[in-house]
Amino acid sequence: RVPCIVRWPGVVAAGRTLDTPVHVVDWLPTLLEAARATAPADHKLDGLSLMPLLRGASLPERSLYWHVPLYDLRWAATPCAVVRRGDWKLIEYFGDRYDSNDQYVPGRHVELFNLRGDPGETNDRAASDPARRQELLDDLHAFLKDCRAEIPGPNPHHDPSRPTGSPN
């Protein structure tokens, strides 16, 4: 939930607030359209132009994806991928994760949240809504396959005898 502010007199109405989720990959097609340019024919664009949204129309409903194949232990972040469709967000942790108590937990894990009723992502609904979990997981896996994303496995450096975050 990061705000995006656009000022473009004559194109974007002043003072308008929208709650349409957009993605950083939408900016290249947007800037190309604004410049009346096109991407090379052999270059597939991942995002959508935001020009319809900026001019007052809407965007088609779509899934938004994130692939984060890295560790950043300062933020308790482990390799994962995310799909958001409408009010639903699914996170797949590939080999390990930190739980809600910031405890390191080895093993693959999937979480599902309804952001409309739970913007803080405190109520994991993966077990109580298995059909939606599977639908979004299939969507995410199709995206990862399409972009040939490398999927990390378990952390090869994990040593259960050493506390997380300790040096060496």
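In this text, all values refer to a predicted model and were calculated from it rather than measured experimentally.

Conventions and cut-offs
- Residues numbered from 1 in each chain as written.
- Predicted model: local features only at pLDDT ≥ 70, side-chain atom pairs only at ≥ 80, totals over all residues.
- Heavy atoms only, no water.
- Helix = DSSP H or I, 4+ residues; strand = E, 2+ residues; numbered from the N terminus.
- Buried < 20%, exposed > 50% of the residue type's maximum accessible area, 1.4 Å probe, protein only.
- Phe/Tyr/Trp six-rings, centres within 6.5 Å; stacked < 30°, edge-to-face > 60°.
- Core = buried A, V, L, I, M, F, W, Y, C linked by side-chain atoms within 4.5 Å.
- Contact = heavy atoms within 4.5 Å.
- Expected span 1.5 Å × (residues − 1).
- Arc of directions from axis to C-beta.

A. Looking closely at the overall build of the protein chain. Counting its secondary structure elements, the protein chain contains 3 helices and 6 strands. When the elements of the protein chain are put in sequence order from the N terminus, they spell out α-α-β-β-β-β-β-β-α. With the C-alpha coordinates of the protein chain rotated into their principal frame, the extents come out at 60 × 40 × 35 Å. Out of the 168 residues belonging to the protein chain, those deemed buried represent 32%.

B. Up close: the packing of aromatic side chains. Per the stated rule, a full pass over the model turns up 2 aromatic pairs. Aromatic pair Tyr-65 and Phe-143: ring centres 4.1 Å apart, planes at 0°, arrangement stacked. Of this pair, Tyr-65 sits in strand E1 (residues 63-68) while Phe-143 sits in helix H3 (residues 130-146), and the two are 78 residues apart along the sequence. When its relative accessible area of 21% is taken as the criterion, Phe-143 is described as partly exposed.

C. The arrangement of unusual backbone geometry in detail. Of note, the phi angle at Arg-36 is positive, near 55°, even though the residue is not glycine. For Arg-36, the location among the structural elements is in the loop between helix H1 (27-34) and helix H2 (51-54). For Arg-148, which is not glycine, the phi dihedral falls at a positive 55°. Topologically, Arg-148 is positioned in the segment after H3.

D. Structural context of the nonpolar core. Grouped together as the largest cluster of nonpolar side chains are 14 residues, with contacts concentrated most on Ala-81, Val-83, Leu-90, Leu-112, Leu-136, Leu-140 and Leu-144. At the level of secondary structure, the elements contributing two or more residues to this core comprise strand E2 (80-85), strand E3 (88-93), strand E6 (109-114) and H3. The element that contributes the greatest number of residues to this core is H3, accounting for 4 residues. Discounting chain neighbours no more than four positions away, the residues touching Val-83 are Ser-63, Leu-64, Tyr-65, Trp-88, Lys-89, Leu-90, Leu-136, Asp-139 and Leu-140.

E. Highlighting the environment of Ala-57. Relative to the assigned elements, Ala-57 resides in the loop between H2 and E1. Once the C-alpha coordinates of Ala-57 and Arg-1 are considered, the two residues, 56 residues apart in sequence, prove to be 21 Å apart.

F. Fine view of H3. End to end, H3 covers 24 Å across 17 residues, agreeing with the expected 24 Å (1.5 Å per residue, within 8%). Looking at H3, one finds that the buried residues are Leu-136, Leu-137, Asp-139, Leu-140 and Leu-144. Here the buried residues of H3 occupy an arc of 160° about the axis, which is enough to place them on one side. Along H3, exposed side chains directed more than 90 degrees from the buried face belong to Pro-130, Ala-131 and Lys-145. Close packing links the buried residues of H3 with E1, E2, E3 and E6. Once H3 finishes, Arg-148 follows within two positions and takes phi at roughly 55°, a positive value.

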